[in-house]
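Structure at a glance
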Amino acid sequence: MKIDKKSLLNSIVRLHNYVLSQNFRGYEFDDYLASPIVNFLTFNNLLLKRIAIQVGELMPINLRPILLIKKMESFKARAFFLEGSAILFNITGERQWKDFVDTHIRFLIENYNKNYKGYSWGNHFDFASRGGFFPKFLPTIVWTSKVADACYIASKYLPELKEICYDIIFNCAIFIQESLERIEDDTGVCFAYAPGLLNPIHNSNLLGASTLVKANSLFPHKIDKNLIKSSINWSVVRMNKDGSWFYGDGDKYKWIDNFHTAYIIDCLSEIWELDNTYFDFLIIEKTVSYWINNFFTKDGLIKYYHNRVYPIDIQSVAQAIETLSKLSKKFPEAVEILQTVLKFAIKNMQNQDGSFIYQIRKYFKNKIPYIHWGQSTMFAALAHSLKIFDEI
């Protein structure tokens, strides 16, 4: 199977046609608490809610219709669709992609959370994890930063949207700077994952910092640069000596996985491109080296953890494609790995209807297509990789 611009564009169009047929709605791998039945049976107990979500994640049979879970919108999915559509408009010049950019921006603007300063977004369903309970629509730093990032990309390729995109980016930064609590110590500060949830997580903290750096590049003197420096330093000083990163600080967050490491690479790279005064480029080099050498097998499998292959998760695949595409100019070895990952994803994880399956496990596949965790992330990732082929 040869991967070239034509085959990539075909994969993207098939995927987008599927998403259009679903009206940008779908199930999510962690949406079991959207079920009134599951909510009743978990008795407002955090542990039971977490178990229910884990069952939903592992179940290869889609029981959601039986559990009365409806296909829902996803703010984060919309951000990924916005990002991919902007890139595709830049590559193809086709008007339809600009129209989709306009559609997604309008949807996000009309639905930001009005209960906090600035603009912010969260899930369309309740969620529970070891980090706590996240009520429906509680805004998170991750969702909000993703919207800011998508708008930043859109503003580069559609100059007529700069004003509205810049306004969104600034208001996302205001949410992070003024509405989120912080963990503070002598190494700096770590932003809360969501209001009231002070989880010491590296990728979310750096996503917030990256959003502030973007806003500061557009609106100098309106963003607290000392806060940016403190948040970046809090995470950077906790990088492991070999270039790996634990998910967060503390015993319950001590695992190293593929896509969260890739998020960190993207954040550090974006910060460095806009302002290289916050840390040494060696931090990026060590992280990239660890990621490339520990998360991809010689026969093309995309590992979930640094020390374990399965499950091969569509989020790991999508984020690998996006990050490898972004790294390709500074790290030439990324291009060969990118080709391998693209071949694997399209051959083994794309369905006939254009959608992408959730996971490949050692003995079975979970073929349920999830709207954010799979469809939107692959759409944006494939668009990024298409841009690499377009520039070759």
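What you see is a predicted model, and the numbers here were worked out from it, not measured in a lab.

Time to look at the overall build of the protein chain. Each helix and strand in the protein chain was counted, giving 14 helices and 7 strands. C-alpha atoms of the protein chain, sized along the principal axes, occupy 55 × 50 × 45 Å. The proportion of buried residues among the 392 residues of the protein chain is 61%. Nonlocal contacts in the protein chain, meaning residues at least 24 apart in sequence, comprise 70% of its contacts between residues at least 6 apart. Of the roughly 16200 Å² of accessible surface on the protein chain, a fraction of 53% belongs to carbon and sulfur atoms. Here the protein chain contributes 45 positively and 40 negatively charged side chains, and the mean placements of these two sets differ by 5 Å.

It is at 9 Å that the axes of helix 12 (residues 314-327) and helix 13 (residues 333-349) come closest, and there the two elements cross at 150 degrees. Of the possible angle classes, the one that applies to helix 12 and helix 13 is roughly antiparallel. The handedness of the crossing between helix 12 and helix 13 is left-handed. Across from Ile314, Val317, Ile321, Leu324, Ser325 and Leu327 in helix 12, the residues of helix 13 making contact are Ala334, Ile337, Leu338, Val341, Leu342, Ala345 and Met349. Looking at the contact of helix 12 with helix 13 residue by residue, the class counts come to 12 nonpolar, 1 polar and no charged.

The next subject is the pattern of salt bridges. Per the stated rule, a full pass over the model turns up 17 salt bridges. Measuring nitrogen to oxygen at the nearest pair gives 2.9 Å for the salt bridge that ties arginine 238 to aspartate 185. In this pair, arginine 238 is assigned in the loop between helix 9 (225-236) and helix 10 (258-274) and aspartate 185 in strand 3 (residues 182-185), connecting sequence segments 53 residues apart. We classify aspartate 185 as partly exposed; its relative accessible area is 35%. A network of salt bridges, in which partner residues are shared, links Glu83, Lys146, Asp149, Lys214, Asp266, Glu270, Glu322 and Lys326.

In the sheet, strand 3 pairs with strand 4 (residues 188-191) via 4 bridges, with the strands oriented antiparallel. Looking across to strand 4, one finds that arginine 182 is bridged to phenylalanine 191. Between the end of strand 3 and the start of strand 4, which pair antiparallel, lie 2 residues.

This paragraph deals with the packing of helix 4 (residues 75-92) against helix 6 (residues 141-157). The contact between helix 4 and helix 6 brings their axes to 9 Å, and the two run at 15 degrees. The angle between helix 4 and helix 6 places the two elements in the roughly parallel class. Crossing geometry of helix 4 relative to helix 6 is assigned as left-handed. Only Val142, Trp143, Lys146, Val147, Asp149, Ala150, Cys151, Ile153, Ala154 and Tyr157 of helix 6 make contact with helix 4, whose side of the interface consists of Phe75, Lys76, Ala79, Phe80, Leu82, Glu83, Ala86, Ile87, Phe89 and Asn90. By residue class, the composition of the contact of helix 4 with helix 6 is 15 nonpolar, 1 polar and 4 charged.

Quick look at the packing of aromatic side chains now. Within the structure shown, the criterion is met by 29 aromatic pairs. Measuring from ring centre to ring centre gives 5.3 Å for tryptophan 272 and phenylalanine 281, while their planes differ by 50 degrees; the resulting arrangement is tilted. Consider the rings of tryptophan 291 and phenylalanine 296, whose centres lie 5.1 Å apart with planes at 80 degrees: the pair is edge-to-face. Each member of the pair, tryptophan 291 as well as phenylalanine 296, is classed as buried. Geometry around phenylalanine 107 places arginine 78 over its ring, the cationic atom sitting 4.1 Å from the centre. In this structure, arginine 238 is placed above the aromatic ring of tryptophan 234, and the distance from its NZ or CZ to the ring centre is 4.1 Å.

This paragraph deals with unusual backbone geometry. Note that the residue after tyrosine 310, namely proline 311, is joined by a cis bond; omega there is 5 degrees. Counting through the fold element by element, proline 311 comes out in the loop between helix 11 (282-294) and strand 5 (312-313). Here the phi dihedral of phenylalanine 24 falls at roughly 60 degrees; this positive angle occurs in a residue that is not glycine. Tracing the chain through its elements places phenylalanine 24 in the loop between helix 1 (5-21) and helix 2 (36-41). At phenylalanine 43, a residue that is not glycine, the phi angle is positive and equals roughly 55 degrees. Along the polypeptide, phenylalanine 43 turns up in the loop between helix 2 and helix 3 (46-58). Overall, the relative accessible area of 60% leaves phenylalanine 43 in the exposed class.

The next thing to look at is the sheet that holds strand 6 (residues 359-360). Each strand in a sheet pairs with its neighbour through backbone hydrogen bonds, running either in the same direction (parallel) or in the opposite one (antiparallel). With antiparallel pairing, 3 strands are arranged side by side in an open sheet as 5-6-7. A single partner strand is all that each edge strand has here, and the edge strands are strand 5 and strand 7 (365-366). Sheet analysis places strand 6 next to strand 7, joined by 2 bridges and oriented antiparallel. By the bridge assignment, isoleucine 360 is partnered in strand 7 with lysine 365.

What follows concerns the side chain of aspartate 30. With respect to the helices, strands and loops of the structure, aspartate 30 is situated in the loop between helix 1 and helix 2. Buried and without a salt bridge, aspartate 30 has arginine 64 as its closest oppositely charged side chain, separated by 7.1 Å.

Rules and cut-offs
Residues numbered from 1 in each chain as written. Predicted model: local features only at pLDDT ≥ 70, side-chain atom pairs only at ≥ 80, totals over all residues. Heavy atoms only, no water. Helix = DSSP H or I, 4+ residues; strand = E, 2+ residues; numbered from the N terminus. Buried < 20%, exposed > 50% of the residue type's maximum accessible area, 1.4 Å probe, protein only. Contact = heavy atoms within 4.5 Å. Areas by Shrake-Rupley, 256 points an atom, 1.4 Å probe, with all protein chains shown as cover. Lys, Arg positive; Asp, Glu negative; His and termini not counted. Charge placed at Lys NZ, Arg CZ, Asp CG, Glu CD. Axes fitted to C-alpha atoms, helices over the stretch in contact; angles between N-to-C directions. Parallel < 35°, antiparallel > 145°, perpendicular 65-115°, else oblique. Left-handed = near helix turned anticlockwise from the far one by under 90°. Nonpolar A, V, L, I, M, F, W, Y, C, P; charged D, E, K, R; others polar. Salt bridge = Lys/Arg side-chain N within 4 Å of Asp/Glu carboxyl O. Pairing = 2+ DSSP bridges. Phe/Tyr/Trp six-rings, centres within 6.5 Å; stacked < 30°, edge-to-face > 60°. Lys NZ or Arg CZ within 6 Å of the ring centre and 35° of its normal.

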